[in-house]
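Take a look at the letters that make up each chain.
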Amino acid sequence: INLSILRVGKSNIIECLYKNGFRDITAIDISSKVIQEMQREYTSYTGVEFYVMDVKEMIKFSSETFTIVFDKACVDCLFCGTDFMSATKRAFSEIFRVMKKESTFISISHGSPITRVPLFRAVNWAIECYKIDEDIGESLTLYTLMKTSNEFLLKKRIVGGDMAQREKMVGL
């Protein structure tokens, strides 16, 4: 399994994954300062690579490179920009491009399905979402987006996400 972490920041996600057996980890962040600090901190972790890169332009990676792509706030950050519609579409297209067939993009977000699913639909992947228990002190949703050719999975609708989009389109 080769894994990519988008917008790694200064979190301990590398350490957690490494302790759980992952050895082929690629972490990207738009900040060169963050990447330099993470490289220093994890210099002894073999199989872990860091890149300064924009998720909207992952030109250093070939198509179909990663088995798992993990996002722990990158999508939420894109939604904060004034150009969020075009930024998320470009990012999702790039994420889809670097994913291997039958691979998964995992996104943990503060955004509810009504705000995320319609934009995730810009790319043809199968979508699932799960509410994360609020006992952790935050309201989070876990989205899994699979690059697949399985029509049943691709056509599955997300309650509270797809319905809003469908109703909006009917009212046009």
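Residues numbered from 1 in each chain as written. Predicted model: local features only at pLDDT ≥ 70, side-chain atom pairs only at ≥ 80, totals over all residues. Heavy atoms only, no water.

## Digging into helix H2 (residues 32-41)
Argument step 1. Burial in H2 covers these residues: Val 34, Ile 35 and Met 38. Around the axis of H2, the buried residues are gathered within 95° of arc, so they sit on the same side. Away from the buried face of H2 by more than 90 degrees, exposed residues Lys 33 and Arg 40 are located.
Argument step 2. In this structure, the buried residues of H2 make contact with helix H1 (13-19), strand S2 (25-29) and strand S3 (48-52). (Buried < 20%, exposed > 50% of the residue type's maximum accessible area, 1.4 Å probe, protein only. Helix = DSSP H or I, 4+ residues; strand = E, 2+ residues; numbered from the N terminus. Arc of directions from axis to C-beta. Contact = heavy atoms within 4.5 Å.)

## Description of the pairing of strand S4 (residues 66-71)
Argument step 1. Most of S4 is tucked away, with five of its six residues classed as buried.
Argument step 2. As judged from the four bridges shared by strand S1 (residues 3-6) and S4, these two strands associate in the parallel manner. What sits directly across from Leu 6, in S4, is Asp 71.
Argument step 3. In this structure, S4 lies alongside strand S5 (residues 99-109), joined through five bridges in parallel fashion. By the bridge assignment for S5, Ile 68 is matched with Thr 104. (Pairing = 2+ DSSP bridges.)

## Some points on the packing of aromatic side chains
Argument step 1. What the rule picks out here adds up to 11 aromatic pairs.
Argument step 2. Between the aromatic rings of Tyr 18 and Tyr 45, the centroid separation amounts to 4.3 Å while the plane-to-plane angle is 55°, which identifies the pairing as tilted. With Tyr 18 in helix H1 and Tyr 45 in the loop between H2 and S3, this residue pair connects regions lying 27 residues apart in the sequence.
Argument step 3. Between the aromatic rings of Phe 120 and Tyr 143, the centroid separation amounts to 5.1 Å while the plane-to-plane angle is 65°, which identifies the pairing as edge-to-face. Linking Phe 120 in helix H5 (residues 113-120) with Tyr 143 in strand S7 (residues 140-146), this pair joins segments that are 23 residues apart in sequence.
Argument step 4. Among the residues examined, Tyr 143 registers a relative accessible area of 0% and is labelled buried.
Argument step 5. Ring pairs connect the aromatic residues Phe 92, Phe 96, Phe 105, Phe 120, Trp 125 and Tyr 143, which therefore count as one cluster.
Argument step 6. Over the aromatic face of Phe 96 sits the side chain of Lys 147, whose NZ or CZ is 4.8 Å from the ring centroid. (Phe/Tyr/Trp six-rings, centres within 6.5 Å; stacked < 30°, edge-to-face > 60°. Lys NZ or Arg CZ within 6 Å of the ring centre and 35° of its normal.)

## Things to note about the pattern of salt bridges
Argument step 1. For the coordinates displayed, the defined rule picks out nine salt bridges.
Argument step 2. Linked by salt bridges that have partners in common, Arg 121, Arg 157 and Asp 162 make up one network. (Salt bridge = Lys/Arg side-chain N within 4 Å of Asp/Glu carboxyl O.)

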